[in-house]
Amino acid sequence: MYDIPLIQLGPVKAACISGDPEGAYVIFLHGYGANAFDLLPLYSYMDVPEGTNFIFPDGILEVPIMPGYNGKAWFPIDMEALQRAMVAGGSRELFERYPAGLAEAKEKIEEMIQTLNVPMDRIILGGFSQGSMLATEITLKAEKKPKGLVILSGTLLDETNWTQYAKQTPGYKFFQSHGRMDPVLGYPAAKRLETVLKDAGWVGELLAFPGGHEIPEIVLNGMNRYLRELFE
């Protein structure tokens, strides 16, 4: 555990690494069952300008992970269905679903961003797994887009609406990564998300790697190439 207190930012708490108040802000949302500290180590690997601020929000729901241990989440997941899919070697296809609780999570992160009083063009929004789904949902529907979007091991939700929103801002640059052997969120769905975004005119590539539900070094390197380009 990091010796960093959680700070209340509007309706959510977050672990923060403060930099220049006039600098860039990186906001990363953790996955299901993790917490604000799960992605915090990434800040020391990111190739961003000196003085960048880092914010790692804590999920708004408490969920049981194992006996005696709870984690955090952004919206509920049917864990039994997920486990059945994993046992069967399949993946959860959510293309036409809008998960219950996603709208509330979106609203709370948007309120948090408003509390920061930082223009969106100084914010990099991203996340891992469930957190990247939320980051994508926020970015797609934001009237003023964040400077960048990082989708780590995410998936496609609500395909019809996501497609329509993506078409409104052709040329938007994103970064996406996914393990080809991901047992939690299948690679084909990640590929389909990339297709939706690129067909809408967004600019980015899906960095596929030979692994599972994780963030390996090859992803860190690819993410840093993307971040450097954003700040050129």
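Residues numbered from 1 in each chain as written. Predicted model: local features only at pLDDT ≥ 70, side-chain atom pairs only at ≥ 80, totals over all residues. Heavy atoms only, no water.

The protein appears in an unreviewed UniProt entry as Esterase from Leptospira neocaledonica. UniProt's Sequence similarities (unreviewed entry) comment on the protein is quoted here verbatim: "Belongs to the AB hydrolase superfamily. AB hydrolase 2 family." (UniProt positions renumbered as here; feature names shortened; annotations may be inferred.)

Draft legend 1. Summary view of the sheet that holds strand β4 (residues 53-57). Sheet architecture is open: eight strands sit in the order β1-β2-β4-β3-β7-β8-β9-β10, paired in mixed fashion. In this open sheet, the two edge strands, each paired with only one partner strand, are β1 (6-9) and β10 (206-209). Direction aside, neighbouring strands of the sheet carry axes that sit 25° apart on average. Two strands pair when backbone bridges link them, and strand β3 (residues 25-29) and strand β7 (residues 123-128) are joined in this way by five bridges, in the parallel orientation. Looking at β7, one finds that Y25 is bridged to I123. Where helix α2 (residues 102-116) meets the sheet, it contacts β1, β2 (12-17), β3, β4 and β7, and its direction lies at approximately 160° from that of β3. Packed on one face of the sheet, helix α3 (residues 130-141) meets β3, β7 and β8 (148-152) and runs near 145° to β7. (Pairing = 2+ DSSP bridges. Helix = DSSP H or I, 4+ residues; strand = E, 2+ residues; numbered from the N terminus. Axes fitted to C-alpha atoms, helices over the stretch in contact; angles between N-to-C directions. Contact = heavy atoms within 4.5 Å.)

Draft legend 2. How the structure looks around the nonpolar core. I27, I55, L134, L197 and W202 are the most contacted members of the largest nonpolar core, which has 40 residues in total. Only β2, β3, α2, β7, α3, β8, α4 (159-166) and α5 (187-199) provide two or more residues apiece to this core. Beyond its immediate chain neighbours, meaning those up to four positions away, I55 contacts L9, A14, A15, C16, Y25, V26, I27, F28, M112 and L116. (Core = buried A, V, L, I, M, F, W, Y, C linked by side-chain atoms within 4.5 Å. Buried < 20%, exposed > 50% of the residue type's maximum accessible area, 1.4 Å probe, protein only.)

Draft legend 3. Expanded view of the packing of α3 against α4. Between α3 and α4, the shortest axis-to-axis distance is 9 Å and the interhelical angle comes to 50°. The pairing of α3 with α4 is recorded here as oblique in orientation. The way α3 lies across α4 gives a crossing that is left-handed. Between α3 and α4, the residues in contact are M133, T136, E137, L140 and K141 and W162, Y165 and A166, respectively. Considering only residue class, the contact of α3 with α4 consists of five nonpolar, one polar and two charged. (Parallel < 35°, antiparallel > 145°, perpendicular 65-115°, else oblique. Left-handed = near helix turned anticlockwise from the far one by under 90°. Nonpolar A, V, L, I, M, F, W, Y, C, P; charged D, E, K, R; others polar.)

Draft legend 4. Geometry of the environment of A105. If you trace the backbone, A105 turns up in helix α2. The spatial distance from the C-alpha of A105 to the C-alpha of N53 is 22 Å, given a sequence separation of 52 residues. Setting aside chain neighbours within four positions, we find A105 in contact with I60, W74 and L134.

Draft legend 5. Up close: the packing of α4 against α5. Look at α4 against α5: their axes get within 8 Å of each other, and the N-to-C directions meet at 35°. Packed against α4, whose contacting residues are E159, W162, T163 and A166, the element α5 presents R192, L193, V196 and L197 at the interface.

Draft legend 6. Inspection of a nonpolar patch on the surface at higher detail. A contiguous nonpolar surface patch, about 280 Å² in accessible area, is contributed by I65, M66 and Y69. In this fold, I65 is placed in strand β5 (residues 61-66). Look at I65 and you get partly exposed, because its relative accessible area is 36%. (Patch = residues over 30% accessible without salt bridge, like charges linked within 9 Å, V, L, I, M, F, W, Y side chains within 5 Å. Areas by Shrake-Rupley, 256 points an atom, 1.4 Å probe, with all protein chains shown as cover. Salt bridge = Lys/Arg side-chain N within 4 Å of Asp/Glu carboxyl O.)

Draft legend 7. Local environment of α4. The set of residues buried in α4 consists of E159, W162, T163 and A166. One side of α4 holds all its buried residues, which, seen down the axis, span an arc of 100°. Those residues of α4 hidden inside the fold are in contact with α3 and α5. (Arc of directions from axis to C-beta.)

Draft legend 8. How the structure looks around the environment of E137. Following the sequence through the fold, E137 ends up in helix α3. Overall, the relative accessible area of 0% leaves E137 in the buried class. The sequence separation of E137 and F174 amounts to 37 residues, and the corresponding C-alpha distance is 13 Å. At a separation of 2.7 Å, a polar atom in the side chain of E137 contacts the side chain of K141. (Polar contact = N/O pair within 3.5 Å; in protein donor to acceptor, adjacent residues only side chain to side chain.)

Draft legend 9. Spatial organisation of the side chain of D182. By secondary structure assignment, the location of D182 is in the loop between β9 (174-179) and α5. At a separation of 2.8 Å, a polar atom in the side chain of D182 contacts the main-chain amide nitrogen of V184. When near neighbours in sequence (up to four residues on either side) are disregarded, D182 contacts S153, G211, G212 and H213.

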